[in-house]
Each structure stands twice: as structure tokens, then as C-alpha cells.
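Chain by chain, the residues:
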Amino acid sequence: MPRLSEVIAALESLWPAERAESWDAVGTVAGDPDQEVTRVLFAVDPVQEIVDEAVKLGADLLVTHHPLYLRGTTTVAATHFKGRVVHTLIKNDIALHVAHTNADTADPGVSDALAGALDLRVTGPLVPDPTDPDGRRGLGRLCALDHPVTVREFAARAAERLPATAQGIRVAGDPEAPVRTVAVSGGSGDSLFDHVRASGVDAFLTADLRHHPVSEARAHSPLALLDAAHWATEWPWCELAASQLDEISDRHGWDLRVHVSKTVTDPWTAHAASAPSDPLGAPN
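In this report, we go over the structure that sits alongside the text. (Residues numbered from 1 in each chain as written. Predicted model: local features only at pLDDT ≥ 70, side-chain atom pairs only at ≥ 80, totals over all residues. Heavy atoms only, no water.)

Quick word on helix α9 (residues 230–252)
Across its 23 residues, α9 extends 34 Å between first and last C-alpha, which sits within 8% of the 33 Å expected from 1.5 Å per residue. Gly 253 sits one or two residues past α9 and shows a positive phi near 70°. (Helix = DSSP H or I, 4+ residues; strand = E, 2+ residues; numbered from the N terminus. Expected span 1.5 Å × (residues − 1).)

Printed below as a string of C-alpha cells:
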């Protein structure tokens, strides 16, 4: 069985920490480098529910996309929910490793997995990494469809193929407009609107879209916007990452057992549809 340090070295080869954004907190959060690793669990969020799942599974290593502590802390006391996570990990000899923005820009990365879930053909990064001579790394992905669909049909595809959440898929734009090219970005993507417009795609699928940026983006161009749940746009990466570690395990003869959590950690739990709108306008 490999030691944790060996598995972490393999993960760092996929998502080097130096490629993370300066504000990010990636890498190993907890774990003894000399401990043996036999079972690994991938998930989006390092929350108590996921850590409890790792304990029940008998995992030695939990790999998450989101950091546990994105900002500094002065305590890991178990009286706080993040402190309880740390205590549970250490008590059960479970290591935690985070790959966040270094996984976003990787080749393949978070947005490649999102494009794959939607059956899109990736043509390149939305925001290329200038340090990549091959021009494959970067934020987001530009994609093409094998045949045109309407915005309505593309939204239905996303709702069907991404994990189900209370939010579903919100759409801004003409539902009947044709879609031939798409930009996708796992996680929060409204900071990328300038790049999306410059790319000339027909639609942009991402998460966490806000009122004013969307309103302004729609005023700029007929670009269709599709807003999915943050967790749902990043969960496909867990399956991609698990397959990458499986391949490394086979190559080294490690015989790791690699799992992907299917626990929904999207914080939104229910959705109530609005009543049909009054043609005279919104209520006072």
C-alpha cells in the first residue's frame, strides 16, 4: 500500500499547488505523511456529512474541491463546525487534501468534466493560462455541440445530466434561440462575462449568477445565460479526478479503492415555483 506522501505527490502532479490562485488555500490540510492509504473518497465539500461518510466508508484520504479553511483561523476547537471536521478527521486517521483553483485550470480540469457531463466537445480554454505552451490549461472551456439545439433544449439537457438540485437550471435569454457554441465554467462564473462575450459563443453555463451582472450582460448581447447550482457544476470533477487517481493507482500497482461521494451538499434544499405572472406587472 502507498504512503500518504506518495499519493499526495501523485495528486500534486495532477493539480500543482503553485497553479492555484494567490488567495486560495489548497494542498494537504490534515494527515500523517507516513500513514498507509488504501481507500480514497472524492467530494466537493469538506463538510461534516462528507467526513462522516468517509469514516463509515473506512477511507484513509478525503479529497475535496472546496477548501476547509479558505481564510485563516485561530482555533480548531470542536465547538465550531469546522473544528469538528478537523477532530473527526484526526480521530479516524483520515487525511484531507484540497484541489481548488489548481483543479479549475488543470488539463483536464473542473470545466472539462462539466463539458463532458453535458456531452459538449471542448475546443479550448475560455481564459487561457499564459504559462501553458500547449494552450490547453485555463479557466472555463469553450465548447461546440454536434448539432444545434435551442436554449430551452440545452437547459433541459443540463437539468437532466447534472446532479439534481433544488435550484435546477435558470435561464436568461430567448428560450428558442439556437445554440451551436457554448462556454462553461464550473463554480461561480459571472466574473468571466467579458471573456465569454469576446469568444462569440451562443450560450454560457455556469453557477452563482447575480442579478446586476446578468442584467448588464443581457444588455450587451443576445448571449443566453444558464445558471446551475454551484455544487452541481463541480461534482462531475469528482468522477474525473477519481478516474485519474485510479489510473495512477493501476500504473503503480497500488490497488487503491477510489470512491466518489454521491451525497448532495448543495445548501439549497427546496424550491417553490412562482405563480403565473400578472401581465400588469409585479405585485406592489
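Let's talk about the pairing of strand β6 (residues 138–150)
Alignment of strand β5 (residues 121–128) against β6, held across six bridges, turns out to be antiparallel. Each bridged residue has a counterpart across the sheet, and for Pro 125 the counterpart in β6 is Arg 141. Judged from the six bridges that link them, β6 and strand β8 (residues 178–188) form a sheet pairing that is antiparallel. Pairing of Ala 144 across the sheet is with Thr 181, part of β8. (Pairing = 2+ DSSP bridges.)

Observations regarding the sheet that holds strand β11 (residues 257–260)
Within a sheet, adjacent strands bond to each other through the backbone by hydrogen bonds, running parallel or antiparallel. The strand order across the open sheet formed by five strands is β1-β4-β3-β2-β11, and the pairing between neighbours is mixed. What marks the edges here is a single partner per strand, and that holds for β1 (27–30) and β11. On average, adjacent strands in this sheet sit at an angle of 25° to one another, irrespective of strand direction. As paired elements, strand β2 (residues 39–43) and strand β3 (residues 61–64) share four bridges and run parallel to each other. What sits directly across from Ala 43, in β3, is Thr 64. Sheet strands in contact with helix α1 (residues 4–14) are β1, β3 and β4 (95–98), and its direction is about 20° off that of β3. (Axes fitted to C-alpha atoms, helices over the stretch in contact; angles between N-to-C directions. Contact = heavy atoms within 4.5 Å.)

Things to note about the pairing of β11
With burial as the criterion, only one face of β11 is covered, namely that bearing Val 258 and Val 260; the residues Arg 257 and His 259 on the opposite face remain uncovered. Both β2 and β11 contribute to a ladder of four bridges, which runs parallel. Looking across to β11, one finds that Val 40 is bridged to Val 258. (Buried < 20%, exposed > 50% of the residue type's maximum accessible area, 1.4 Å probe, protein only.)

Quick notes on the environment of Gly 72
One can find Gly 72 in the loop between β3 and α3 (81–91). The class of Gly 72 is exposed, set by a relative accessible area of 81%. Each C-alpha atom, one on Gly 72 and one on Gly 58, is 29 Å from the other, the two residues being 14 residues apart in sequence.

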